[in-house]
Structures are given as C-alpha cells and as structure tokens.
Amino acid sequence: MRTPLYDRHVSLGGKIVDFAGWELPVQYEGIVAEHLNTRQNAGLFDVSHMGELLVSGSDAVSFLQALLTNSLSRLSVGRAVYSPLCYPDGGVVDDLIVYPFHDNYLVVVNASNTDKDFDYIRSRAGGYDVTVDNVSSDWAQLALQGPNARAMLSGIEGGAAIAELPFFGCGFFSLRGVDVFAAATGYTGERGAEIYVPANAVVPIWDALLQAGATPCGLGARDTLRLEAALPLYGHELSADISPLEAGLSRFVKLDHEFVGREALSSQAETGAARKLIGLVMDSRAIPRAGYPVLFDGTVCGNVTSGGVAPSLGKNIALALVSPNTPDGGLSVSIRNRPEPATVTALPFYAANGK
C-alpha cells in the first residue's frame, strides 16, 4: 500500500521500505540528521498509514468508556484522550487516541493494528447504539514536530490557529483553504501538530510545510525520537502479553470505572505487576537492541524492549522490561554473549526544553 505522498517521497530521495504492508520512507538525508533537525528546527513526517476509526451513535461515549482503561471524563470539544485498549486478561490490544469529531469520535490506532482493532472494537459493540466505521482511506495525516513547528504553521494561511493548540488540544480548521482536523498530541517529545487532511488534498499541504522550512523525515527518525522520549511502541513496550501497568502507564488506567480488562488490571495493581519498565543508558558504545537479555550479576532478569542510538544525547539507550525486584545497580545487557554494563536512568531520556 502507498500513501498519497508516495511520489513525493520518491522525488525527494526517500529510501522506501515495507512497514506493515505500507511503502514508506525510512530516511531521506539520514536518520541522525533528520532526528537532530526535528530537535533543533522542525521535521515533517507522513503518517498517513495510521488507522482512523469513526465511532458514532447515541451510546458512543459510554461504549468507548466501557472499552478503554482511561476515563473519558476529560473528553470534550477541543480535548483528546490517550488510552490503552485491553483484552479481558489485561494484555493490550493497542494504544490509541480518541478525538471528538463533529458529533462522532475519531479513534486513531497504530497502522499495523488497524484491521485487528476494527474487528475487536466492533466485536464488543453488542447492546450499544453505536456504529464503528473504518475511515482510514479517507484521511492522510502529517506530523510537524520540533521547536520551530508552530512558527512555521503560523506562516501558512490558517495555520496560526493550529499553532495555538494546547497539548492534547484538537479541532477543525481551514489550512490553505482546505478543511482539516488538527491536534497537538505528538510522538517525538517535541511540540507541534498532527494534521488530518482529506487524502485527495494532502499534497499541497505537504509542499507548503516544506516550503515553510520543515525537513522531510522518515520512519527511522520517528523511532529514535520516540525512544528518547520513552514513548511506547506497540509490539515492543505494549502487546497482548504486556499490560499497561507493566509498561509504566498506570496514569492511563483508571480503575474507578468498568472497562474490558479491569478485573485483571485491578489484581495486578493490588499484588504488583510481574514486570516493570526501566530506562538504561549504556556505559560503553555497545548498542542494545530489542530482545537482548538484561542481566543482574550475570543472571537474566528481563529483556530490552526497544534500544538504539540516542542522537540528542550522544549515548546508546534502551527501554527494558525486568522483574519487579530488579535493583537499580549492577545491570548489564548481553550483546553478542558479552555483558555490557548499563546504568538505570529516570525516564524520559530526553525532554524538550527540559520539561
């Protein structure tokens, strides 16, 4: 599959790879250069492969409330809510964001999970006056991220209002004469905006943002940026076998309402999760990768979930799931059967402007 911007990616020299069945650029100039440009200026990402599901009907809010671990009490016009979506055993189906969308609710899910999420959400709809539609093909999505992102938006017709969105704010706007939906939720640790554009109108918006000074960025930089910000990636920090409590997302699990998986997660909260997520900074130049064993005094105590180079820090870092009693010292990562010392650090590894 290809996004509406495929030809633009090719013409800009993007290195195209397969990602969950989508032909997308992993990089243009290079992952490190694109990463640092996003941290220092602004990067533009084509994330049109993300899934969009529309939930409508008189029971839409109560239905979503019964599905999601987070409470929708803060879901109102102009505000979005992030939440895990769980199986009855507490494992994670996906993590997603819910946006008020006209009289409906737009649920944005991970690209690789779109069909699975669509089927799962519909399977839970019995007894509710709701309709769930997969509208992914109707929309393209651009993510403009970085300290100069809002200034760039302000220089485009209609962009100033988008630039004023507070964190997790959202709404409808006209951008260069095109009706768009925009939000400020981000996945890089930087401020900016996600712009949902009708698929047939996205090319001029992409071009205008590049002309405003944004740098095109690929999937590679998107991953290193989210790793520095310690943001979870489904299939790594979250999965059917990893609960949101194990992944350090307890603030998005509100046990004061009924939802799918509440009983299992309530039990975990009472007895303690079987694993905990920690951040590691390597003491050497060795690069940790997902799946590498984490050792304490030579004994395996967990595994790396995500790891790699942190260009903003000049170090190599990892997120890891380890047993709950693992101490903060004496840890190493087994790389090519050699224990490489690592230091536990507070998360996130990097926060924009020290926040």
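Everything here concerns the structure above.
Reading guide: rules and limits
Residues numbered from 1 in each chain as written. Predicted model: local features only at pLDDT ≥ 70, side-chain atom pairs only at ≥ 80, totals over all residues. Heavy atoms only, no water. Salt bridge = Lys/Arg side-chain N within 4 Å of Asp/Glu carboxyl O. Helix = DSSP H or I, 4+ residues; strand = E, 2+ residues; numbered from the N terminus. Buried < 20%, exposed > 50% of the residue type's maximum accessible area, 1.4 Å probe, protein only. Pairing = 2+ DSSP bridges. Axes fitted to C-alpha atoms, helices over the stretch in contact; angles between N-to-C directions. Contact = heavy atoms within 4.5 Å. Phe/Tyr/Trp six-rings, centres within 6.5 Å; stacked < 30°, edge-to-face > 60°. Lys NZ or Arg CZ within 6 Å of the ring centre and 35° of its normal. Arc of directions from axis to C-beta. Core = buried A, V, L, I, M, F, W, Y, C linked by side-chain atoms within 4.5 Å.

**Some remarks on the pattern of salt bridges**
Following the criterion strictly, the structure yields 10 salt bridges and no others. Linking Arg-39 and Glu-228 is a salt bridge whose minimum nitrogen-to-oxygen distance equals 2.9 Å. Of the two residues, Arg-39 sits in helix α2 (residues 31-40) while Glu-228 sits in helix α8 (residues 219-228), which places them 189 residues apart along the sequence. On the basis of relative accessibility, which here comes to 7%, the residue Arg-39 falls in the buried class. You can call Glu-228 buried: its relative accessible area is 0%. Of the charged contacts in the structure, one is a salt bridge between Arg-262 and Glu-258, with a shortest N-O distance of 3.9 Å. When its relative accessible area of 23% is taken as the criterion, Arg-262 is described as partly exposed. Judged by its relative accessible area of 59%, Glu-258 falls in the exposed class. A network of salt bridges, in which partner residues are shared, links Arg-39, Glu-190 and Glu-228.

**Points about the sheet that holds strand β15 (residues 293-296)**
Ordered in space as β14-β17-β16-β15-β18-β19, the six strands form a closed barrel in which the pairing is antiparallel. Sheet twist, expressed as the mean angle between neighbouring strand axes with direction ignored, is 45°. Two strands pair when backbone bridges link them, and strand β14 (residues 276-282) and strand β17 (residues 315-322) are joined in this way by six bridges, in the antiparallel orientation. Its bridge partner lying in β17, Ile-278 is registered against Ala-320. Across the face of the sheet, α8 comes into contact with β16 (299-310) and β17 while running at roughly 125° to β16.

**A word on the packing of aromatic side chains**
Evaluation of the coordinates by the stated rule reveals 11 aromatic pairs. Note on Tyr-87 and Tyr-120: the rings are 5.3 Å apart at their centroids and 70° apart in plane angle, and the pair reads as edge-to-face. Linking Tyr-87 in the loop between β5 (81-86) and β6 (92-101) with Tyr-120 in helix α4 (residues 114-123), this pair joins segments that are 33 residues apart in sequence. An angle of 80° between the planes, with centres 5.5 Å apart, marks the rings of Tyr-99 and Phe-181 as edge-to-face. Of this pair, Tyr-99 sits in strand β6 while Phe-181 is found in strand β11 (residues 178-183), placing the two residues 82 residues apart along the sequence. For the pair shown, Tyr-99 and Phe-181 are each scored as buried. Linked through ring pairs, Tyr-99, Phe-101, Trp-139, Phe-172, Phe-181 and Tyr-196 together constitute an aromatic cluster. The positively charged end of Arg-2 is found above the aromatic ring belonging to Tyr-6, 3.9 Å away from the centroid. The aromatic ring of Phe-118 is capped on one face by Arg-122, whose charged end is 4.1 Å from the ring centroid.

**Remarks on α4**
Restricting attention to buried positions, one finds in α4 the residues Thr-114, Asp-117, Phe-118, Tyr-120 and Ile-121. Tucked inside the fold, the buried residues of α4 contact β4 (51-56), α3 (60-67), β5, β6, β7 (104-109) and β8 (131-134).

**Observations concerning α3**
For the α-helix, the turn length of 3.6 residues means that residues three or four positions removed from each other point alike. Within the span of α3, buried status applies to Ala-60, Phe-63, Leu-64 and Leu-67. One side of α3 holds all its buried residues, which, seen down the axis, span an arc of 95°. On its buried side, α3 packs onto β4, β5, β6, β7, α4 and β8.

**Some thoughts on the sheet that holds strand β9 (residues 139-145)**
The strand order across the open sheet formed by six strands is β10-β11-β12-β9-β3-β13, and the pairing between neighbours is mixed. Strands at the two margins of the open sheet, each flanked by one partner only, are β10 (170-175) and β13 (215-217). In this sheet, neighbouring strand axes are inclined to one another by 30° on average, regardless of whether the strands run parallel or antiparallel. Sheet topology places β11 next to strand β12 (residues 192-198); three bridges connect them, and they run antiparallel. Along β12, the bridge assignment pairs Phe-181 with Tyr-196.

**A few points about the nonpolar core**
Phe-45, Tyr-82, Tyr-99, Leu-106 and Leu-238 are the most contacted members of the largest nonpolar core, which has 43 residues in total. Among the secondary structure elements, those contributing two or more residues to this core are β5, β6, β7, β9, β11, α8, β14 and β17. For this core, the element with the most residues is β6, which contributes four residues. Look past the residues within four positions of Tyr-99 in its chain and what remains in contact with it is Leu-75, Ala-80, Asn-104, Tyr-105, Leu-106, Val-108, Cys-170, Phe-181, Ala-183, Thr-185 and Tyr-196. Core analysis: the next-biggest nonpolar cluster, separate from the first, contains 30 residues, Leu-44, Leu-165, Val-202 and Leu-209 among them.

**A closer look at the pairing of β5**
On a regular strand, each side chain points to the face opposite its neighbour's, so the side chains alternate between the two faces of the sheet. Within β5, six of the six residues are buried, leaving the element largely enclosed by the surrounding structure. Along β5, one buried face is formed by Val-81, Ser-83 and Leu-85 and the opposite face, lined by Tyr-82, Pro-84 and Cys-86, is buried too. Sheet topology note: the β5/β6 ladder contains six bridges and is antiparallel. What sits directly across from Val-81, in β6, is Val-98. Connecting β5 to the antiparallel partner β6 that follows it, the hairpin turn spans five residues, and Gly-90 within it adopts a positive phi of roughly 95°.

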